[in-house]
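# Notes for the structure review
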Amino acid sequence: MELAEIIAEKQKELRIHQFGFMGTDQLSIQQGVRDLCEMNSCGRYGNSWSCPPAVGTLEECRSRIMQYKNVFVYTTKHDLEDSYDFEGMMAGKDAHEEISRKVAAYFRSLVPGDLLILSGDGCARCATCTYPDAPCRFPGEVCPTVESYGVEVYRVAQTLNINYINGKNTVTYFSCILF
């Protein structure tokens, strides 16, 4: 059975909304995405091991990505009360990160070898990140964000025919597993 079929059988149980596979050579990695990180709208730039500048330069991130051949992309969709439901967005983010930990564990059971996991949002494992004053408390668990690696999520969605937006009063989060 192919990997896509195996994932499809577990899709509902894993709480994945949509997914697809692509080659790393199909990823669009752009400085403009990293520039958005530097604007620091999320407050994690320079404050988290999962975000720039801790993840390295864009060139270093691109080099890490290109060490892999394939990308498994998946989304989770979360309903909101309305388009201003910030609490719902944060609850969706937290749910996505919990789902991502389970998806990563399941994927590791299917695919041997080294994986690069890019998360849908910055790591929130610790109440206060040790960056930049001390090493990460959980270096094996921290996952850089998709955006911190400069990946254009909108183009990924277009390439895989995955919804970037899933309708009114929803929020969609993306993650990638490179293998």
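Here, the structure is the one placed above.
Since the structure is predicted, the reported quantities are computational estimates derived from the model, not experimental observations.

## With respect to the sheet that holds strand S4 (residues 170–178)
- Taken in spatial order, the four strands make up an open sheet running S1-S2-S4-S3, and their pairing is antiparallel. The open sheet is flanked by strand S1 (18–23) and strand S3 (116–118), the only strands paired with a single partner. Ignoring which end each strand starts from, the neighbouring axes of this sheet average 20 degrees apart.
- Strand direction decides the pairing type here: S3 and S4, joined by three bridges, are antiparallel. Among the inter-strand pairings, Leu 118 is bridged to a residue of S4, identified as Cys 176.
- Packing against the sheet, helix H1 (residues 3–14) makes contact with S1 and strand S2 (70–79), and its axis sits at approximately 165 degrees to S1.

## Considering helix H4 (residues 86–110)
- With 25 residues, H4 should reach 36 Å at 1.5 Å per residue; the first-to-last C-alpha distance of 36 Å fits that figure.
- Summarising the contacts, the buried residues of H4 are in contact with H1, S1, S2, S3 and S4.

## So, the pattern of salt bridges
- Applying the stated criterion across every chain yields a total of four salt bridges.
- Here Glu 13 and Lys 10 are joined by a salt bridge, their closest N and O atoms 3.2 Å apart. Here the residue Glu 13 and the residue Lys 10 both occupy positions in helix H1, the gap between them amounting to three residues, near one helical turn.
- Accessibility expressed as a relative area gives 59% for Glu 13, which makes it exposed.
- Lys 102 is paired through a salt bridge with Glu 98; the nearest N and O atoms lie 3.5 Å apart.

## Details of the nonpolar core
- The biggest cluster of nonpolar side chains holds 23 residues, and the ones touching the most others in it are Leu 27, Ile 65, Val 73, Tyr 149, Val 151 and Leu 178.
- Looking at this core, the element that brings in the most residues is helix H5 (residues 153–160), giving four residues.
- In this structure Val 151 touches Leu 27, Ser 28, Ile 29, Val 33, Ile 65, Val 146 and Val 156, once residues within four positions along its chain are discounted.
- Of all hydrophobic cores here, the second largest spans 16 residues; its members include Phe 72, Leu 115, Ile 117 and Ile 177.

Rules of the game
Residues numbered from 1 in each chain as written. Predicted model: local features only at pLDDT ≥ 70, side-chain atom pairs only at ≥ 80, totals over all residues. Heavy atoms only, no water. Pairing = 2+ DSSP bridges. Helix = DSSP H or I, 4+ residues; strand = E, 2+ residues; numbered from the N terminus. Axes fitted to C-alpha atoms, helices over the stretch in contact; angles between N-to-C directions. Contact = heavy atoms within 4.5 Å. Expected span 1.5 Å × (residues − 1). Salt bridge = Lys/Arg side-chain N within 4 Å of Asp/Glu carboxyl O. Buried < 20%, exposed > 50% of the residue type's maximum accessible area, 1.4 Å probe, protein only. Core = buried A, V, L, I, M, F, W, Y, C linked by side-chain atoms within 4.5 Å.

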